[in-house]
Amino acid sequence: MDALLLARWQFGITTVYHFFFVPLTIGLSLLTAGLQTAWLRTGREHYLRAAKFWGKLFLINFALGVATGIVQEFQFGMAWSEYSRFVGDVFGAPLAIEGLLAFFLESTFLGLWIFGWDRLSPRVHTACIWLAGIGTMLSAYFILAANAWMQHPVGFVLDPATHTARLTSIWAVLTNSTALVAFGHTIAAAFLMSGLLLIAVSAWHLRRRQHADTMRPSLRLGLWTTLIACALTAVTGDIDGKIMTEQQPMKMAAAEALYHTSQPASFSLFTIGSLDGKSEVWSVRLPNLLSFLATGSFHGQVQGINDVQAAEIAKYGPGTYTPVIPVTYWSFRLMIGFGLVAGLVALLGLWLTRRGRTPEPERRWFWRAALWAMALGPLASSFGWIFTEMGRQPWSVFGVLATRTSVSPTVGAGTILTSLIVLTLLYAGLAVVEVGLTVRAARRGPGGSGGPGADPTPDTEPDLGFAY
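The rules we used
- Numbering of residues starts from 1 in each chain and follows the order in which that chain's sequence is written.
- The predicted nature of this model means local features are confined to residues of pLDDT at least 70 and side-chain atom pairs, given and counted, to a pLDDT of 80 or more, with totals for whole chains, interfaces and linings taken over all residues.
- Calculation of side-chain values draws on the structure's entire complement of heavy atoms; hydrogens and water are dropped beforehand.
- A helix here means a DSSP run of H or I that spans at least four residues, while a strand means a run of E at least two residues long, and both kinds are numbered starting from the N terminus.
- Every radius of gyration here is taken over C-alpha atoms, with the globule rule written as 2.2 Å times N^0.38, N being the number of residues.
- Residue burial is assigned from relative accessible area. The probe radius is 1.4 Å, only protein chains are included, and a residue is buried under 20% of its type maximum, exposed over 50%, and partly exposed in between.
- When checking whether two residues touch, look at their non-hydrogen atoms; a contact exists if any pair is within 4.5 Å.
- Per-residue and other accessible areas were derived by the Shrake-Rupley procedure at a 1.4 Å probe size, with only the shown protein chains allowed to occlude residues.
- His is not counted, nor are the chain ends, whereas Lys and Arg count as positive and Asp and Glu as negative.
- Taken as the charge location is NZ of Lys, CZ of Arg, CG of Asp or CD of Glu.
- Ring pairs are drawn from Phe, Tyr and Trp, using the six-membered ring of Trp, whenever the two centres fall within 6.5 Å, and their geometry is named by plane angle: stacked under 30 degrees, edge-to-face over 60, tilted for the rest.
- In this analysis the charged atom, NZ for Lys or CZ for Arg, is taken to sit over a ring once it is within 6 Å of the ring centre and within 35 degrees of the ring normal.
- Any N or O atom pair separated by 3.5 Å or less is treated as a polar contact, with the protein-specific requirement of one donor-capable and one acceptor-capable atom, and with residues adjacent in sequence counted only for side-chain atom pairs.
- Multiplying 1.5 Å by the residue count of a helix minus one yields the expected span of that helix.
- Only one rule defines a salt bridge in this text: a Lys or Arg side-chain nitrogen within 4 Å of an Asp or Glu carboxyl oxygen.
- Between N-to-C directions, angles span 0 to 180 degrees; the directions come from axes that are lines fitted to C-alpha atoms, helices contributing only their stretch in contact.
- For classification, angles of less than 35 degrees are called roughly parallel, those exceeding 145 degrees roughly antiparallel, those between 65 and 115 degrees roughly perpendicular, and all remaining angles oblique.
- All amino acids are sorted into three groups, where Ala, Val, Leu, Ile, Met, Phe, Trp, Tyr, Cys and Pro are nonpolar, Asp, Glu, Lys and Arg are charged, and the leftover types, Gly among them, are polar.
- The patches reported here contain residues having more than 30% relative accessible area and no salt bridge. Joining distances are 9 Å for like charges and 5 Å for nonpolar side chains (Val, Leu, Ile, Met, Phe, Trp, Tyr).

A.B. asks: It is not clear to me how the overall build of the protein should be interpreted in this structure. Could you clarify?
C.D. replies: The number of helices and strands found in the protein is 16 helices and six strands. For the protein, the C-alpha radius of gyration of 24 Å lies close to 23 Å, the compact-globule estimate for 468 residues. On the principal axes, the C-alpha backbone points of the protein span a range of 70 × 50 × 40 Å. Put simply, the protein has 468 residues, and 49% of those count as buried. Long-range pairs, those at least 24 residues apart, make up 77% of the contacts in the protein with a sequence separation of at least 6. For the protein, the exposed surface amounts to about 21,400 Å²; the carbon and sulfur share of it is 68%. Averaging the coordinates of the 32 positive side-chain charges in the protein and doing the same for the 26 negative ones gives two points 10 Å apart.

Here it is as structure tokens:
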């Protein structure tokens, strides 16, 4: 294994791990803000208990997200110095705005919310959590703008003197069409993951007849959030697919294992390829569906892998411009599949809890499904990012900078292997901490909500600073 492959593994592992926390930070912050607003408007105490409870899980997640996110930026200098040197003038701008504006907004008002209980007026205190939630969304947008530039580079020129990318329009970078659609898709996925967490934890308590007056509304909120987010994820994903077809035709062809240009093109439900991943052996397909997904027309033309490869050789010179087809093909399907199953779980849950109903504890299949559904969000999100980043290969900046020329030239494979092992073990330790803290806080419940097994005393634990 050479330095390039090890550096890619390291960045992939740390990025997927870090992104477990990002969607929950976005979704839980705004759901907590919504619950606190419901308490402010109605005066019902169970909304306040719910806001404190889910806010505690949000803070645990936020703290781990910050810790793991710092490593991401270190890697640009450690393992990808050539990439940093080439794109620093462009890539650094949105990241700087994220740190100076969005993260500052987020952390400042989050601190006021954590320590402002009984010190700020209810309206001001509620405004703080809303501003913190808005800050998380702004952070996501600026980071996605940086990533979108790697997918579709705009607003720059190549400096002939330094052989680096020089920023010419920050506005073009921030309004990149790829960034706009990716932001909507990512936010919808964030609410999908957060809704599934609400479903799982609420179901765990309701199965034991605990904290019913807080957990049943939380369950319904999670079910509606998941169902709506699933629909929005599908809509934004469809838009994203059409833009991807225009900007990165190889990625769409690889997602479908479509080797030859077709008009109309069928959608592959299942494909078996050759061992080298260069040809199709057998497949099950839906006629014309891929044409609609890629172009908006059931008779549209979709370019195949072989034709795109030939076109890119003519444009960029000799080389292999094909990603790992089995990875892109299956990650694309697993992303969609896990998302659809999450939507079905939410739809089923809404039916079983309609008109004030709560499924009986004897319906073990539902409670187990609700609990295990929590894994669907992280799985769908992870496979989505694996597809997005692997499908761009062999480019780190599409059409401009190859991945093989982005790695640090003076860092050897041994050094990267050492850091890969250390970071993986460190992240494994942090995973134990995260899961332990989250499970402990989730099992404890909001308190003071009545029902068998519940804590009959009011929740006197607004010490969210300790949770953070």
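Having seen the model, we can carry on.
A.B. asks: Please explain the environment of Ser406 as it appears in this structure.
C.D. replies: Tracing the sequence through the fold places Ser406 in the loop between β6 (401–402) and α15 (413–444). Take Ser406: its relative accessible area is 0%, and that puts it in the buried class. Linking Ser406 and Trp80, residues 326 residues apart in sequence, is a C-alpha distance of 5.7 Å.

A.B. asks: Help me understand the packing of aromatic side chains in this model?
C.D. replies: Within a pair of aromatic rings, the relevant descriptors are the distance that separates the centres and the angle that separates the planes. Taken as a whole, this structure holds 21 aromatic pairs when the rule is applied. Clustering of aromatic rings is evident, with ring pairs tying together Tyr17, Phe20, Phe21 and Tyr427. In this structure, Arg333 packs its charged tip against the face of Tyr329, placed 3.8 Å from the ring centre. In this structure, Arg354 is placed above the aromatic ring of Trp351, and the distance from its NZ or CZ to the ring centre is 3.6 Å.

A.B. asks: What should I look at first to understand the side chain of His18 in this one?
C.D. replies: Inspection of the secondary structure puts His18 in helix α1 (residues 3–18). Among the polar contacts made by the side chain of His18, one reaches the main-chain carbonyl oxygen of Gly65 at a distance of 3.3 Å. If we ignore the near neighbours within four places in the chain, the residues touching His18 are Gly65, Thr68, Gly69 and Gln72.

A.B. asks: Explanation requested: unusual backbone geometry in the structure shown.
C.D. replies: Leaving glycine out, the prevailing phi sign among residues is negative, and the prevailing peptide bond configuration is trans. With omega at -5 degrees, the peptide bond leading from Gln263 into Pro264 counts as cis. Mapped onto the elements of the fold, Pro264 is located in the loop between α9 (249–256) and β3 (267–273). The peptide bond linking Gln393 to Pro394 adopts the cis configuration, its omega dihedral lying at 15 degrees. Unlike most non-glycine residues, Asp118 shows phi in positive territory, near 65 degrees. With respect to the element layout, Asp118 can be found in the loop between α4 (81–115) and α5 (122–151). At His211, a position not held by glycine, the phi torsion is positive, near 50 degrees. Mapped onto the secondary structure, His211 falls in the loop between α7 (177–207) and α8 (212–247). Accessibility expressed as a relative area gives 2% for His211, which makes it buried.

A.B. asks: It is not clear to me how helix α2 (residues 21–42) should be interpreted in this structure. Could you clarify?
C.D. replies: Residues spaced three or four apart along an α-helix point in a common direction, a consequence of the helix completing one turn every 3.6 residues. Its 22 residues give α2 an end-to-end C-alpha distance of 31 Å, which sits within 8% of 32 Å, the value for a rise of 1.5 Å per residue. When you tally the buried positions in α2, you get 16 out of 22 residues, the bulk of the element. Directly beyond the C-terminal end of α2, a positive phi value near 75 degrees is found at Gly43.

A.B. asks: Looking at this structure, I do not really get the pattern of salt bridges. What am I missing?
C.D. replies: A pair can form between side chains of opposite charge whenever their charged atoms are brought close. Tallied over the full model, the rule gives six salt bridges. The partner of Arg49 in a salt bridge is Asp213, and the shortest N-O contact between them spans 3.0 Å. Of the two residues, Arg49 is situated in helix α3 (residues 45–78) and Asp213 in helix α8; the sequence distance between them amounts to 164 residues. Close ionic contact of Asp159 with Arg166 constitutes a salt bridge, the shortest N to O distance being 3.7 Å. When its relative accessible area of 19% is taken as the criterion, Asp159 is described as buried.

A.B. asks: What should I look at first to understand the packing of α2 against α7 in this one?
C.D. replies: Helix-helix packing is characterised by the crossing angle of the two axes and by the distance between the axes. Orientation of α2 relative to α7, taken along the N-to-C sense of each, is 70 degrees, at an axis distance of 8 Å. The orientation of α2 relative to α7 falls into the category roughly perpendicular. Side by side, α2 and α7 meet where Pro23, Leu24, Ile26, Gly27, Leu28, Leu30 and Leu31 of the first sit next to Ile187, Ala190, Phe191, Met193, Ser194, Leu197 and Leu198 of the second. For the contact of α2 with α7, the class distribution of residues is 12 nonpolar, two polar and no charged.

A.B. asks: Would you take a moment to explain a nonpolar patch on the surface for this structure?
C.D. replies: Where nonpolar side chains cluster on the molecular surface, the patch consists of Leu269, Phe270, Ile272, Val281, Val284, Leu286, Trp330 and Leu334 and spans about 640 Å² of accessible area. Secondary structure elements with two or more residues in the nonpolar patch: β3, β4 (280–286) and α12 (325–352). Its place among the elements puts Leu334 in helix α12.

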